[in-house]
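Each chain, letter by letter, is given below.
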Amino acid sequence: MIETTRTFTPDWVSPPGDAIADLLEERDWTQAQLAERLGYTTKHISQLINGKAPINEETALKLERVMGSTAAFWLRYEAQYRAALAKKEEENRLKGWTSWLESLTSQRIDESRCNS
């Protein structure tokens, strides 16, 4: 029997904030409690969770101290998230070109039929 493997390529992007939200839920903490422990505003914590504010080195170190994961984990997750966002944005930008190219190709085929 031949076994094939498929590469998992999700069409969604998960911000590091998803992990933060999961950890808050596990610990039964509110965003306000995490904000107090990290020395940030509740608004900033909300932005972290929603992927609006990036996790920098300082934030990663604070998350390591308070949440228990390593700073390297948080920085790697952030980098992967931002790279995936950039890739999705590029794909969306290129989709616009695809429809334009398809219309151009159709137009040229029509013109060549008329000239034949």
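Structure: above.
So, a few notes on the structure that sits alongside this text. (Residues numbered from 1 in each chain as written. Predicted model: local features only at pLDDT ≥ 70, side-chain atom pairs only at ≥ 80, totals over all residues. Heavy atoms only, no water.)

1. A few points about the packing of aromatic side chains
This is how the line gets drawn: Each Phe, Tyr or Trp ring (for Trp, its six-membered ring) is paired with any other whose centre lies within 6.5 Å, and the angle between the two planes then decides the class: stacked below 30 degrees, edge-to-face above 60, tilted in between. Throughout, exposure labels follow a simple rule: accessible area from a 1.4 Å probe, protein chains only, divided by the maximum for the residue type, with under 20% read as buried, over 50% as exposed, and the rest as partly exposed. Elements are defined by DSSP. Helices are runs of H or I of four residues or more, strands are runs of E of two residues or more, and each kind is numbered from the N terminus. Two limits define a charge over a ring: the Lys NZ or Arg CZ must be within 6 Å of the ring centre, and within 35 degrees of the ring normal.
In total, this model carries two aromatic pairs according to the counting rule given. With centroids separated by 4.9 Å and ring planes inclined at 75°, the aromatic side chains of Phe73 and Trp74 adopt a geometry described as edge-to-face. Among the residues examined, Phe73 registers a relative accessible area of 29% and is labelled partly exposed. On the basis of relative accessibility, which here comes to 0%, the residue Trp74 falls in the buried class. Ring centres of Phe73 and Tyr77 lie 5.7 Å apart, and the angle between their planes is 75°; this geometry places the pair in the edge-to-face category. Pair noted here: Phe73 and Tyr77 are both in helix H5 (residues 71-114), with a separation of four residues, about one helical turn. Among the aromatic residues, ring-to-ring pairing joins Phe73, Trp74 and Tyr77 into one connected group. The ring of Trp29 has Arg37 sitting right over it, with the charged end atom 3.9 Å from the ring centre.

2. Describing the packing of helix H2 (residues 31-38) against helix H3 (residues 42-49)
Here is the rule: Lines fitted to the C-alpha atoms define the axes, with helices restricted to the stretch that makes contact. Angles between their N-to-C directions range from 0 to 180 degrees. Under this scheme an angle from 65 to 115 degrees is roughly perpendicular, one under 35 degrees roughly parallel, and one over 145 degrees roughly antiparallel; angles in between are oblique. Throughout, a contact is declared for two residues whenever any of their heavy atoms are within 4.5 Å. Charged means Asp, Glu, Lys or Arg here, nonpolar means Ala, Val, Leu, Ile, Met, Phe, Trp, Tyr, Cys or Pro, and polar covers whatever is left, Gly included.
In the contact formed by H2 and H3, the axes pass within 8 Å of each other and the chain directions differ by 105°. Regarding the angle of H2 to H3, the classification is roughly perpendicular. Residues Gln31, Ala32, Leu34, Ala35 and Leu38 of H2 form the contact with H3, whose participating residues are Thr42, Ile45, Ser46 and Ile49. Here the residues of the contact of H2 with H3 sort into six nonpolar, three polar and no charged.

3. Some words on the packing of H2 against helix H4 (residues 57-67)
Convention followed: Two helices that cross are described as forming a left-handed crossing if the nearer one is turned anticlockwise from the farther one by less than a right angle, and a right-handed crossing if clockwise.
At their nearest, the axes of H2 and H4 sit 10 Å apart, and the two run at 110° to each other. Relative to H4, the element H2 lies roughly perpendicular. Handedness of the H2/H4 crossing: right-handed. For the pair H2 and H4, the contacting residues are Leu34, Arg37 and Leu38 in the first and Lys62, Leu63, Arg65, Val66 and Met67 in the second. A per-class count over the contact of H2 with H4 returns five nonpolar, no polar and three charged.

4. Quick notes on the nonpolar core
Put simply, the rule reads: Definition of nonpolar core: a set of buried residues of the types Ala, Val, Leu, Ile, Met, Phe, Trp, Tyr and Cys, connected through side-chain atoms within 4.5 Å.
Counting 19 residues, the largest nonpolar core has Ile20, Leu34, Ile45, Met67 and Trp74 as its most contacted members. Within the residue set of this core, elements represented by two or more residues are helix H1 (16-27), H2, H3, H4 and H5. The contact partners of Ile20, leaving out residues within four places of it in the chain, are Leu34, Leu48, Ile49, Ile55, Leu63, Met67 and Trp74.

5. Section: the side chain of Thr59
Mapped onto the fold, Thr59 is located in helix H4. Residue Thr59 is classed as buried on the basis of its relative accessible area of 1%. Once residues within four sequence positions are removed from consideration, Thr59 is found in contact with Tyr40 and Leu48.

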